Amino acid sequence: MRAASSAIRSMPRSGIREIMDIAMGMPDCIRLEVGEPNFATAPHIIEAAHRAALEGHTRYTDNSGIFELRAALAEQAAESTDREVLPEQIIVTSGAMGALFSTLTCVLEPGDEVIVLSPSWPNYQMQLQLLGAVARVVETSPENGYLPTIQQLEEATNAATKALLINTPCNPTGAVIPSDLLNEITQFARHADLFLIADEVYSRITFEEPQIPTACYDTDARVVSINSFSKTYAMTGWRVGYAIAPASLAPLIRKCQEPTVGCVNAPAQYASLAALTGPQHLVEEMRNAYLNRRNISLEMLSQANVPVFTPGGAFYLWIDISQSGRTAQDFALDLIHNHQVAIVPGTTFGAENSDRVRISLASDASDLQEGLRRLISELER
Ligand SMILES: Cc1ncc(COP(=O)(O)O)c(C=O)c1O
């Protein structure tokens, strides 16, 4: 029997899996590992999908999505960047994951290098591995607010570097790239002639300054913005995301969807249109809930003298567990076995993060407090 592809066989699974597999078998487990809102999708969004299906929107759509949704997204992007954005520049995808994969497929040749920050969401490196590209990791640190310096980016760049991938607000740290640094990063990408792929799926979940879209600083059409309905509208299971791409790249990303997904589920696209054009106070209410949970959790950790990074956005806490004297993986396994609390070891987000764990503020508020109490007691053991 011939061997299956080495790219997929050697791709490491996300480190969260081991914990999730144990959590699934524990009915009373407090689940602080999952990165999805605990809120239900709003009824008007669900009704829009139902109506769309009854009205016959049950067929393939354009590879890049229905025009109404792309037009609404283009209008929103134009408003937030103060630039012209055409519906042709929007490609509706299977979640942000699909937007990233189609974009990377269109940008990269095997062997090309992409600068990726650490800690960062593991799917970036998994996707790069599938495409035969190389992740060049730039480590960020708490001393630097988990932000890269331009010097670090310069040092990581060589003739094979094709793109730079950033994520703001960041999963797992919650670091938000401030506008002046975002501007400098975009200038750096221009000087080094790199595609700049900006994952902004948490852009509507910020606690201090609002997130300025990276595309605001793009002067020569090299930024691809990745976004999604998953986190903003509590729609993770609907699988609708989108890429906003320069006019030169957008038709290729659209073409990339043709042999892979065809198009996104049609009723889900109408649901997303309802989310975008309907009441936005729900987004604000969810953000306020995460902010409240963040503040309560930071207070609990500070009372217990547990170091933690104060996130400016997204819905995670990145906690320093070095006082436990254990690796993040061992600590996470001890916590789930001894206290039935599931968290994510930091190494999931880059091998060097073995003294950190991530918990999700998108979990139920009372679960979060009880989970943190148990985490603190395991740290003091
Ligand atoms: C940084 C980041 N980007 C993208 C995604 C994927 O979002 P989607 O559900 O739209 O595929 C996630 C999901 O956890 C994420 O944390």
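These numbers were taken from a predicted model, which means no experiment stands behind them.

### Thoughts on the site of the ligand
Working step 1: What surrounds the ligand is a group of 14 residues, the closest being Ala96, Asp199, Ser228, Ser230 and Lys231.
Working step 2: Asn171 is positioned such that a nitrogen or oxygen atom in its side chain is 2.8 Å from an oxygen atom of the ligand.
Working step 3: Contact distances for the ligand include 2.5 Å between an oxygen atom and a side-chain N or O atom of Ser228.
Working step 4: Out of a free accessible area of 400 Å², the ligand has 94% covered by protein chains.
Working step 5: Top contributing element to the shell around the ligand by residue count: helix α5 (residues 95–107), with three residues.
Working step 6: In terms of residue class, the shell around the ligand is built from six nonpolar, five polar and three charged.

### Structural notes on the packing of α5 against helix α6 (residues 123–130)
The relative placement of two packed helices is expressed as an angle between their axes plus a distance between the axes.
Working step 1: Between α5 and α6, the least distance of the axes is 10 Å, while the angle of their chain directions is 40°. As the angle between them shows, α5 and α6 are arranged oblique. You can see that α5 and α6 cross each other, and the crossing is right-handed. Facing α5, whose interface residues are Met97, Leu100, Phe101 and Leu104, α6 presents Asn123, Tyr124, Gln127, Leu128 and Leu130.
Working step 2: Looking at the contact of α5 with α6, its residues break down into seven nonpolar, two polar and no charged.

### Looking at helix α10 (residues 266–277)
Working step 1: Relative to the 16 Å expected for twelve residues at 1.5 Å per residue, α10 spans 17 Å between its end C-alpha atoms, a close match to the ideal helical length.
Working step 2: The element α10 is largely enclosed, with a buried count of eleven among its twelve residues.
Working step 3: Those residues of α10 lying buried are Ala266, Pro267, Ala268, Gln269, Tyr270, Ala271, Ser272, Leu273, Ala274, Ala275 and Leu276.
Working step 4: Buried positions along α10 lie against α3 (43–54), α4 (67–81) and β2 (90–93).
Working step 5: Where α10 begins, the capping side chain belongs to Asn265, and its oxygen is found 2.9 Å from the backbone nitrogen of Ala268.

### Regarding the sheet that holds strand β12 (residues 356–360)
Hydrogen bonds between backbone groups are what pair the strands of a sheet, and the pairing can be parallel or antiparallel.
Working step 1: Strands sit in the order β9-β12-β11 across an open sheet of three strands; the sheet is antiparallel. Whereas interior strands pair on both sides, the edge strands pair on one side only; in this sheet they are β9 (316–320) and β11 (344–345).
Working step 2: By the bridge criterion, two bridges tie β11 to β12 in an arrangement that is antiparallel. For Val344, the partnering residue across the bridge sits in β12 and is Arg358.
Working step 3: With respect to the sheet, helix α13 (residues 365–379) is in contact with β9 and β12, its orientation differing from that of β12 by roughly 160°.

### Quick look at the domain arrangement of the protein chain
Working step 1: Domain boundaries in the protein chain define domain 1 (6–41 + 281–379) and domain 2 (43–277).
Working step 2: Computed over C-alpha atoms only, the centres of domain 1 and domain 2 are separated by 24 Å.
Working step 3: Across the contact, 35 residues belong to domain 1 and 39 residues belong to domain 2.
Working step 4: Buried area between domain 1 and domain 2, summed over both chains or domains, comes out near 3,100 Å², and the portion from carbon and sulfur atoms is 63%.
Working step 5: By the criterion of area lost to domain 2, the three top residues of domain 1 are Thr41, Val283 and Phe309, representing 22% of everything that side buries.
Working step 6: Summed over the shared surface of domain 1 and domain 2, the number is one salt bridge.

### A word on the pairing of strand β7 (residues 223–228)
Working step 1: In terms of residue burial, β7 counts as a mostly covered element, since six of its six residues are buried.
Working step 2: Burial along β7 is two-sided: Val223, Ser225 and Asn227 and Val224, Ile226 and Ser228, pointing in opposite directions, are all buried.
Working step 3: Pairing analysis gives four bridges linking strand β6 (residues 195–199) to β7, with the strands arranged parallel. For Leu196, the partnering residue across the bridge sits in β7 and is Val223.
Working step 4: Note: β7 against strand β8 (residues 241–244), four bridges, orientation antiparallel. Looking across to β8, one finds that Asn227 is bridged to Tyr242.

Calculation notes
- Residues numbered from 1 in each chain as written.
- Predicted model: local features only at pLDDT ≥ 70, side-chain atom pairs only at ≥ 80, totals over all residues.
- Heavy atoms only, no water.
- Near = heavy atom within 4 Å.
- Polar contact = N/O pair within 3.5 Å; in protein donor to acceptor, adjacent residues only side chain to side chain.
- Areas by Shrake-Rupley, 256 points an atom, 1.4 Å probe, with all protein chains shown as cover.
- Helix = DSSP H or I, 4+ residues; strand = E, 2+ residues; numbered from the N terminus.
- Nonpolar A, V, L, I, M, F, W, Y, C, P; charged D, E, K, R; others polar.
- Axes fitted to C-alpha atoms, helices over the stretch in contact; angles between N-to-C directions.
- Parallel < 35°, antiparallel > 145°, perpendicular 65-115°, else oblique.
- Left-handed = near helix turned anticlockwise from the far one by under 90°.
- Contact = heavy atoms within 4.5 Å.
- Expected span 1.5 Å × (residues − 1).
- Buried < 20%, exposed > 50% of the residue type's maximum accessible area, 1.4 Å probe, protein only.
- Pairing = 2+ DSSP bridges.
- Domains from an automatic or database assignment.
- Buried area = accessible area lost by both parts, 1.4 Å probe.
- Salt bridge = Lys/Arg side-chain N within 4 Å of Asp/Glu carboxyl O.

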